[in-house]
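# Observations on the three-dimensional arrangement
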Amino acid sequence: MSDPTMGRAVAALPDETPLASSDRGEGPYLRRFSPLERVTHAMMLTSFFGLIITGLPLHFSQAAWASTLIGFLGGVRSAGLIHRFCGIVTFAYFFLHIGMLVSRFLKAEDKKAFFTGPRTMVPRMKDFEDVVGMFKWFVGAGPRPKFDRYSYMEKFDYWAVFWGIAIIGGSGLLLWFPTFFSKVLPGWIFNVATIVHGDEALLAMGFIFTIHFFNSNLRPEKFPIDVVMFTGRARAEYMQEEHPLEYERELQEGRLESLQVAPPSETAYRIAVVLGLLAILTGLTLTGLVLYAVLQ
């Protein structure tokens, strides 16, 4: 952990305390996410906002802001084209992610650990114990649980999005190609698909723009933002606080040195912060518009 190259690189960051929680604290930077994982997340983020912004005006067509938003998008036809393009991007990163999982499974030396090991995204008994432990911590009845590679909340985020994409994407395909699917499916299924597509999208939007944003960016330890998913790296102190079991395991097994990476350039850091804050502001604004339309 005393690589002099890391020391010089860290000094290139601004002197002031960084806004992003992943860039605060002491220690060298450690790699947390691979370039492919970051690209997949970036595709998901941009396509999700595109789908929400183009889909909300149709779902809340009675709201005054819906026509304004459609006008900003260039009209209904233009909004439809953007919506379908974002749908294609959604299927692209979904299958890209599936392919990445299959590749990792085939390359894994311990196939069982892929599903049950400390680095898995599959829920384990420890995750349920951590949920109980967090509630005890909230009321001062116990210590804060120590998380491994992924916390229970990160796994909940992952699976909520995973199944949400499958449901929204599947129903979206039916509505996109009704003539083709009507050859093999009954007519009532398209009415169900219309309801499921809109309501599941609203559920996903509410979850992402409130629970996910709060847990990943807005809770006191991370406020106002965490850009680890954008830059793929974080300070050692961040890892010790957010994922202490993973940090301790990598340290004990002598792999911590191999995880050291240069910090993000100042330009990359600033871009990540601006894009992240813009995403949060846009998401909260859209949530406010939906609440306004519902309560009117």
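Predicted model only: the values in this text are computed from it and were never measured.

Criteria and thresholds
- Residues numbered from 1 in each chain as written.
- Predicted model: local features only at pLDDT ≥ 70, side-chain atom pairs only at ≥ 80, totals over all residues.
- Heavy atoms only, no water.
- Helix = DSSP H or I, 4+ residues; strand = E, 2+ residues; numbered from the N terminus.
- Rg over C-alpha atoms; globule rule 2.2 N^0.38 Å.
- Buried < 20%, exposed > 50% of the residue type's maximum accessible area, 1.4 Å probe, protein only.
- Contact = heavy atoms within 4.5 Å.
- Areas by Shrake-Rupley, 256 points an atom, 1.4 Å probe, with all protein chains shown as cover.
- Salt bridge = Lys/Arg side-chain N within 4 Å of Asp/Glu carboxyl O.
- Expected span 1.5 Å × (residues − 1).
- Arc of directions from axis to C-beta.
- Core = buried A, V, L, I, M, F, W, Y, C linked by side-chain atoms within 4.5 Å.
- Axes fitted to C-alpha atoms, helices over the stretch in contact; angles between N-to-C directions.
- Parallel < 35°, antiparallel > 145°, perpendicular 65-115°, else oblique.
- Left-handed = near helix turned anticlockwise from the far one by under 90°.
- Nonpolar A, V, L, I, M, F, W, Y, C, P; charged D, E, K, R; others polar.
- Patch = residues over 30% accessible without salt bridge, like charges linked within 9 Å, V, L, I, M, F, W, Y side chains within 5 Å.
- Pairing = 2+ DSSP bridges.
- pLDDT = per-residue confidence, 0-100.

Counting its regular elements, the chain contains 13 helices and three strands. Compactness check: the chain gives a C-alpha radius of gyration of 21 Å against a globular reference of 19 Å for 296 residues, within 12% of the reference. Along the first, second and third principal axes, the C-alpha set of the chain runs to 65 × 45 × 40 Å. Evaluated residue by residue, the chain yields a buried proportion of 43% over its 296 residues. Counting only contacts in the chain whose residues sit at least 6 apart along the sequence, the fraction spanning at least 24 positions is 77%. Counting only carbon and sulfur atoms, one obtains 70% of the accessible surface of the chain, whose full area is about 16,400 Å².

Tallying each qualifying case throughout the model produces 16 salt bridges. One salt bridge connects E242 with R219, and the closest N-O pair in it is separated by 3.0 Å. Pair noted here: E242 is in helix α11 (residues 236-242) and R219 is in the loop between α9 (188-218) and α10 (228-231), with a separation of 23 residues, a long-range link. Accessibility expressed as a relative area gives 8% for E242, which makes it buried.

With that out of the way, let us pick up helix α6 (residues 125-138). Residues lying three or four places apart along an α-helix face the same way, a consequence of the helix completing one turn every 3.6 residues. If you check α6, its first and last C-alpha atoms are 20 Å apart, about what 14 residues at 1.5 Å a residue would give, namely 20 Å. Turning to α6, its buried residues are D127, D130, G133 and M134. Down the axis of α6, the buried side of the element spans an arc of 115°, and every buried residue falls inside it. Among the exposed residues of α6, those pointing more than 90 degrees away from its buried face are M125, F128, E129 and F135. For α6, the elements touching its buried residues are α7 (152-176).

The subject of this paragraph is the nonpolar core. The nonpolar side chains of a soluble globular protein tend to be buried, and buried together. Counting residues in each nonpolar core, the largest one holds 50 residues, and the members touching the most others are L56, W65, M205 and F209. If you list the elements that add at least two residues to this core, you get α2 (35-59), α3 (64-72), α4 (76-107), α7, α9, α10, α11 and α13 (266-295). With eight residues, the single largest contributor to this core is α13.

Bringing the environment of M121 into the picture now. Mapping M121 onto the fold places it in the loop between α5 (111-116) and α6. With a relative accessible area of 18%, M121 lands in the buried category. As a C-alpha pair, M121 and R270 span 149 residues in sequence and 30 Å in three-dimensional space. Not counting residues up to four positions away in its chain, the partners in contact with M121 are Y150, E154, K155, Y158 and W159.

With that settled, the discussion passes to the packing of α7 against α9. Two measures define how a pair of helices packs: the angle their axes make with one another and the distance between the axes. Packing of α7 against α9 brings their axes to within 9 Å, and their N-to-C directions diverge by 155°. Comparing the axis directions of α7 and α9 gives the class roughly antiparallel. Helix-helix and strand crossings are classified by hand; for α7 and α9 the assignment is left-handed. Across the contact of α7 with α9, the residue classes tally to 17 nonpolar, eight polar and two charged.

Turning our attention to a nonpolar patch on the surface. Residues F135, W137, F138 and V139 make up a contiguous nonpolar surface patch of about 460 Å² in total accessible area. Its place among the elements puts F135 in helix α6. Look at F135 and you get exposed, because its relative accessible area is 55%.

What follows covers the side chain of K155. Position of K155 relative to the elements: it lies in helix α7. Residues within four places of K155 in sequence aside, it is in contact with T120, M121, V122, P123, R124, D127 and Y150.

What follows concerns the sheet that holds strand β1 (residues 29-31). Across the sheet, three strands lie side by side as β2-β1-β3; this open sheet has antiparallel pairing. Each having just a single partner strand, β2 (233-235) and β3 (260-261) make up the two edges of the open sheet. Sheet topology places β1 next to β2; three bridges connect them, and they run antiparallel. Paired with L30 across the bridge in β2 is A234.

In this section: the confidence of the model for the chain. Close reading of the predicted structure is inappropriate where its pLDDT is low. Mean pLDDT over the chain: 92, with 95% of residues reaching 70 or higher. Taken element by element, the predicted model of the chain shows its lowest mean pLDDT in helix α1 (residues 4-10) (42) and its highest in β1 (97). Note that residues 1-12 has pLDDT below 50 and, in this model, 18 contacts with residues that lie over four places away or in other chains.

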